[in-house]
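# Coordinates in review
If you want the building blocks of each chain, they are given just below.
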Amino acid sequence: MTLLIVLPAFNEEKVIENVLVGLKKEIKKIKKESKIKIKIVVVNDGSTDKTSKIAKRQKIYVLNHLLNRGLGGALSTGFRFAKKMNADLALTMDSDGQHDPRDIKKVIKPIITNQADVVIGSRMISKKGKIPPDRKIMITASNIITFLFFGVKTSDSQSGFRCLNKKALTLINLQTQRMEASSEIFSEIKKHKLILKEVPINVIYTEYSRKKGQSNLNSLQILLKLLLKLAR
Amino acid sequence: MISFILPIQIILSLFIFFAVSRVFLRFREGSISAHSFLFWVLLFVLATVGVFNPKLTTEVAKFLGIGRGSDVVIYFSIIFLFYLIFRTNVLIENLHHEITKIIREIAIKDHENKKKS
C-alpha cells in the first residue's frame, strides 16, 4: 500500500524544513509498525521565496507551479500526481506546521480498515489544542455554508488534514481554485456518494500559522466563489 | 426631418456607430463568435430605434405598466449590466481554471523530465 502525503506550500521558507523533518520522523515510525510505503510531495504553489529549494534538500518530491494558483489548484496537482504514481491513499496536510504528524495514523486508519473513502481531521471535535474564538466562528460559518450548499454536515469544513482512498482520488474533481476548495470537496463527496468519516486532530496554532491561514472574512469569500461555481 | 434631430440623438447615434464598428472589427478578427456578433448588433439596432423613436419605448413602458419610456430603458439596462458582470465573472473563473490546468501540466512534466535526465 502506498500513501502519498501532499503538502501545498506558498512562501513557507520559514517553517517548511521543520515541518518536513517532523513529518519524516513520524513516517519512519509508521513504516516500522506497518507495511505502508509513504512518499511526500510538496506542491510549491508559485512561491517567491526559497520554499522549493529548501523542500528539495529533504529529498522528497517537489512540484513547482509557475504561478500561484491557490489551495484548490495545488491540491488538485497533488491528487493528480498521486494518481500518476498509482498511490492507494493521498493525505493532505498544511505546510505551516499547524498539523501534528502524529495524527497521520488516526486519519488513515478508517480508510485502511475500509470504514471510509474520505477522512477529515477535525479541529472542532478535538479535545487537545484550543482554537481561537474568532477562528471557531469562521469555521462554524463555513460549516453552515457547506451544509446549505451541499447538504453535508461536517464539524470542520475548512480542515486541511484529510485522507482519500483510491476511489475518492479517482472521483473527486475540484473546480475551485482557492480556499473554497475545502468546501467543494464535500460537494464531491456527496455527488459521488463517498463514505465520509471525521476524526479528532490536534491543532498547533502559532502566530505564524494564524497569519498564513485563512482570514476571518474567508467564509464570505467562500460563499461568493461557491455561488459562482454553481452558476457556471 | 433633420431639424427634429436633437443633439443627444446625434451623440448617442455616434456612440452606437462606434460600438457597432468595434463589434464588427472584433468579429472580423475572430475574437467574438457569430452568435455574439448577432447579439450585439441586434442590441445596438434596438438602441438606435429607441434613440430615434422614443415614442416606441413609451409604448413599451405603457404595456409593461412603467411610467416613462426612458425608465424602461434604464431598468432593462441595469438588469442587462448585472447579467453582463455576472457572465464576465464566470468567464474569468473559467479562465483561471484553464490557466491552473496548464500550470499543473507544466509542473508534472517538469518533474518527469528532471527524473529522466
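Please read all numbers here as calculations on a predicted model, not as lab measurements. Per chain, residues are indexed from 1 in the order of the written sequence. The naming scheme follows written order: chains are lettered A onward, ligands numbered 1 onward. pLDDT decides what is reported in this predicted model: residues at 70 or higher carry local features, side-chain atom pairs at 80 or more are listed and counted, and totals for whole chains, interfaces and linings draw on all residues regardless. The side-chain numbers reported here are obtained from all heavy atoms of the structure, hydrogens and water having been left aside.

## Considering the overall build of chain B
Helix numbers and strand numbers start at the N terminus; a helix is a DSSP run of H or I with at least 4 residues, a strand a run of E with at least 2. Scanning chain B for helices and strands turns up 4 helices and 0 strands. Ordering the α and β elements of chain B from the N terminus gives α-α-α-α. Just to be clear, the radius of gyration here is over C-alpha atoms, and the globule rule we use is 2.2 Å times residues to the power 0.38. Against the 2.2 N^0.38 benchmark of 13 Å for 117 residues, chain B shows a C-alpha radius of gyration of 23 Å, more extended than a compact globule. Structurally, chain B occupies a C-alpha span of about 80 × 30 × 20 Å along its principal axes.

## A short note on the pattern of salt bridges
Where side chains of opposite charge bring their charged atoms close, a pairing between them can arise. Residue and element names in this part refer to chain A. Throughout this description, the term salt bridge denotes a Lys or Arg side-chain nitrogen within 4 Å of a carboxyl oxygen of Asp or Glu. Considering all chains together, one arrives at 12 salt bridges over all chains under this definition. Notably, a salt bridge pairs Lys 167 with Asp 117, separated by 3.9 Å at the nearest N-O pair. Taken together, the residues span a long stretch of sequence, with Lys 167 in helix α6 (residues 166-171) and Asp 117 in the loop between α4 (104-112) and β5 (118-122) at a distance of 50 residues. Each residue's exposure class comes from its accessible area (1.4 Å probe, protein chains only) as a fraction of the maximum for that residue type: buried when under 20%, exposed when over 50%, partly exposed otherwise. The class for Lys 167 is partly exposed, based on a relative accessible area of 43%. Judged by relative accessible area, which is 8%, Asp 117 ranks as buried. The salt bridge partner of Asp 156 is Arg 123, with a shortest N-O separation of 2.7 Å. Taken as a pair, Asp 156 in the loop between α5 (133-150) and β6 (162-165) and Arg 123 in the loop between β5 and α5 lie far apart in primary sequence, 33 residues in all. With respect to burial, Asp 156 and Arg 123 carry one shared label: buried.

## Digging into the interface of chain A and chain B
Opposite the 23 residues of chain A that make contact, chain B presents 18 residues. Defined here as a combined quantity, buried area equals the accessible surface (1.4 Å probe) lost by two parts on assembly, summed across both. In total, chain A and chain B occlude about 1900 Å² of area from one another, counting both sides; carbon and sulfur atoms represent 60% of this. Viewed at the interface, chain B and chain A are joined by 2 salt bridges. Across the salt bridge formed by Glu 112 of chain B and Lys 84 of chain A, the nearest N and O atoms sit 2.9 Å from each other. For this analysis, a polar contact is any N or O atom pair within 3.5 Å, provided that within protein one partner can donate a hydrogen and the other can accept it, and provided that sequence-adjacent residues contribute only side-chain to side-chain pairs. Linking chain A with chain B are 7 residue pairs in polar contact (both at pLDDT 80 or more). Only β3 (61-65), α3 (70-84) and α9 (218-231) of chain A provide two or more residues apiece to the side of chain A that touches chain B. Sorting elements by how many residues they give to the side of chain A that touches chain B places α3 of chain A first, with 7 residues. Basically, the charged four are Asp, Glu, Lys and Arg, the nonpolar ten are Ala, Val, Leu, Ile, Met, Phe, Trp, Tyr, Cys and Pro, and anything else, Gly included, counts as polar. A breakdown of the residues in the side of chain A that touches chain B according to their chemical character gives 9 nonpolar, 8 polar and 6 charged. In what follows, residue pairs with any heavy atoms lying within 4.5 Å of each other are defined as contacts.

## Describing a positive patch on the surface
Distance thresholds for patches are 9 Å for like charges and 5 Å for nonpolar side chains (Val, Leu, Ile, Met, Phe, Trp, Tyr), applied to residues having over 30% relative accessible area and no salt bridge. Surface exposure here means Shrake-Rupley accessible area, sampled with a 1.4 Å probe, where a residue is shielded only by the protein chains that are shown. All tallies of charge rest on Lys and Arg as positive and Asp and Glu as negative; His and the ends of each chain are not included. Taken as the charge centre is NZ of Lys, CZ of Arg, CG of Asp or CD of Glu, depending on the residue. A surface patch of like charges, here positive, comprises Lys 24, Lys 28, Lys 32 and Lys 59 of chain A. With respect to the helices and strands, Lys 32 of chain A occurs in helix α1 (residues 16-33).

## Section: the pairing of β3 of chain A
Residue and element names in this part refer to chain A. Counting buried positions along β3 yields 4 of 5 residues, so the element is predominantly enclosed. Two strands qualify as a pair provided DSSP detects at least 2 bridges between them. Pairing of strand β2 (residues 37-45) with β3, which is carried by 5 bridges, proceeds in the parallel orientation. Note on β3: the bridge partner recorded for Asp 45 is His 65. Note on handedness: a clockwise path from strand one over the helix to strand two, with the strands aimed away from the viewer, defines a right-handed crossover. This β-α-β element, β2 to helix α2 (residues 51-57) to β3, shows right-handed connectivity.

## Observations regarding the side chain of Arg 123 of chain A
All names here are of chain A. Taking the relative accessible area as the measure of exposure, Arg 123 reaches 7% and is therefore buried. Polar side-chain contacts of Arg 123 include one of 2.7 Å to the side chain of Asp 156. A polar contact is formed between the side chain of Arg 123 and the backbone oxygen of Gln 158, at a distance of 3.4 Å. For Arg 123, the residues in contact, after removing those within four places along its chain, are Gln 98, Ile 131, Ile 139, Asp 156, Gln 158, Ser 159, Ile 201, Val 203 and Tyr 205.

## Considerations on the confidence of the model for chain B
Residue and element names in this part refer to chain B. Per-residue pLDDT for chain B averages 89, and the proportion of residues at 70 or more is 97%. Of all the helices and strands in chain B, helix α3 (residues 54-64) carries the lowest mean pLDDT, 86, while helix α1 (residues 7-28) carries the highest, 93. Across the interface, the model reports ipTM at 0.82; the global pTM reads 0.78. As a per-residue quantity, pLDDT reports the predictor's confidence and falls between 0 and 100.

## Digging into a nonpolar patch on the surface
Residue and element names in this part refer to chain B. Residues Val 60, Phe 63, Leu 64, Ile 74, Tyr 75, Phe 76, Ile 78, Ile 79 and Phe 82 make up a contiguous nonpolar surface patch of roughly 980 Å² in combined accessible area. Those elements that provide at least two residues to the nonpolar patch are α3 and α4 (69-116). Note that Phe 76 resides in helix α4. Given a relative accessible area of 48%, Phe 76 falls into the partly exposed group.

## Some points on the nonpolar core
Residues belong to one nonpolar core when they are buried, are Ala, Val, Leu, Ile, Met, Phe, Trp, Tyr or Cys, and are joined through side-chain atoms within 4.5 Å. Leu 3, Ile 5, Leu 91 and Ile 104 of chain A are the most contacted members of the largest nonpolar core, which totals 30 residues. Within the residue set of this core, elements represented by two or more residues are β1 (2-9), α1, β2, α2, β4 (89-92) and α4 of chain A. Sort the elements by how many residues they give to this core and α1 of chain A lands first, with 5 residues. Excluding anything up to four places from it in sequence, Leu 91 of chain A contacts Leu 3, Leu 4, Ile 5, Val 6, Ile 104, Val 107, Ile 108, Phe 161, Arg 162 and Cys 163 of chain A. By size, the runner-up hydrophobic cluster in this structure holds 28 residues, among which are Phe 150, Leu 164 and Ala 168 of chain A together with Ala 107 of chain B.

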